[in-house]
Amino acid sequence: MNIDNQDLVSKMEGFSVQGMQGAAKDHQKHSSAIQSAICDKINKALHKSSLSILGKITKDLKARMHWAHYWHNVIQWYHVMVEGWPNNILFVNLSSISSPLPDLEMLLCKWQSHVIHWRCIEEVKYEKLLQECNKKLE
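Residues numbered from 1 in each chain as written. Predicted model: local features only at pLDDT ≥ 70, side-chain atom pairs only at ≥ 80, totals over all residues. Heavy atoms only, no water.

Asker: How would you sum up helix α2 (residues 70-78)? Please name residues and give values.
Answerer: Tyr70, Val74, Ile75 and Tyr78 are the residues of α2 that are buried. Looking straight down α2, one finds that the buried residues subtend no more than 110° of arc, so they occupy a single side. Turning to α2, the residues buried within the fold contact β1 (80-83), β2 (117-120) and α4 (123-137). The positive-phi residue at the C-terminal boundary of α2 is histidine 79, with phi of around 60°. (Buried < 20%, exposed > 50% of the residue type's maximum accessible area, 1.4 Å probe, protein only. Helix = DSSP H or I, 4+ residues; strand = E, 2+ residues; numbered from the N terminus. Arc of directions from axis to C-beta. Contact = heavy atoms within 4.5 Å.)

Asker: An account of the packing of aromatic side chains is needed here, citing residue identities and associated values.
Answerer: Inspection of every chain in the model, using the stated rule, returns six aromatic pairs. Arranged with centres 4.9 Å apart and planes meeting at 90°, the rings of tryptophan 85 and phenylalanine 91 form a pair that is edge-to-face. Plain terms: the ring middles of tryptophan 111 and tryptophan 118 are 6.4 Å apart, the flat faces sit at 55° to each other, and that makes the pair tilted. Residue tryptophan 111 is classed as buried on the basis of its relative accessible area of 2%. (Phe/Tyr/Trp six-rings, centres within 6.5 Å; stacked < 30°, edge-to-face > 60°.)

Asker: Run through the environment of lysine 125, naming residues and quoting values.
Answerer: In this structure, lysine 125 sits in helix α4. Take lysine 125: its relative accessible area is 33%, and that puts it in the partly exposed class. With 46 residues separating them in the primary sequence, lysine 125 and histidine 79 have C-alpha atoms 9.7 Å apart.

Asker: So what's going on with the nonpolar core? Residues and values would help.
Answerer: If you look at the biggest cluster of nonpolar residues, it comprises 28 residues, and the most contacted ones within it are Ile38, Met65, Tyr70, Val82, Trp85, Trp111 and Trp118. Of all the secondary structure elements, the ones that give two or more residues to this core are α1 (5-52), α2, β1, α3 (101-112) and α4. If one sorts the elements of this core by residue count, α3 sits on top with five residues. (Core = buried A, V, L, I, M, F, W, Y, C linked by side-chain atoms within 4.5 Å.)

Right under this line is the structure:
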């Protein structure tokens, strides 16, 4: 075979770089798709809570998760909170942090299996949480 060694090395180098870029883009698309699925599941579960448990309280079928103002816009407003969130994953907007793909897949699986779920907060528990929050602000 009459193959120029330099040409072969150049093509292999180009292939490997392109392959890595393609793999990175695929990983990013997959991570983004899972993050979207988790957010969708969180909001659908909140709507379901609104319909069944909280319909009498909120009468808001457009309830949405608000990561930045979770305490005020979710807990105080709807008297619900997320229960079962894993300790090894920060409880923040998933698009603002870099989480390993297996962690994202595990989160989605836990939401789908209701290990992570919305829980209605009773008035006594809410008052206790409110006192704890106020102490932190002082």
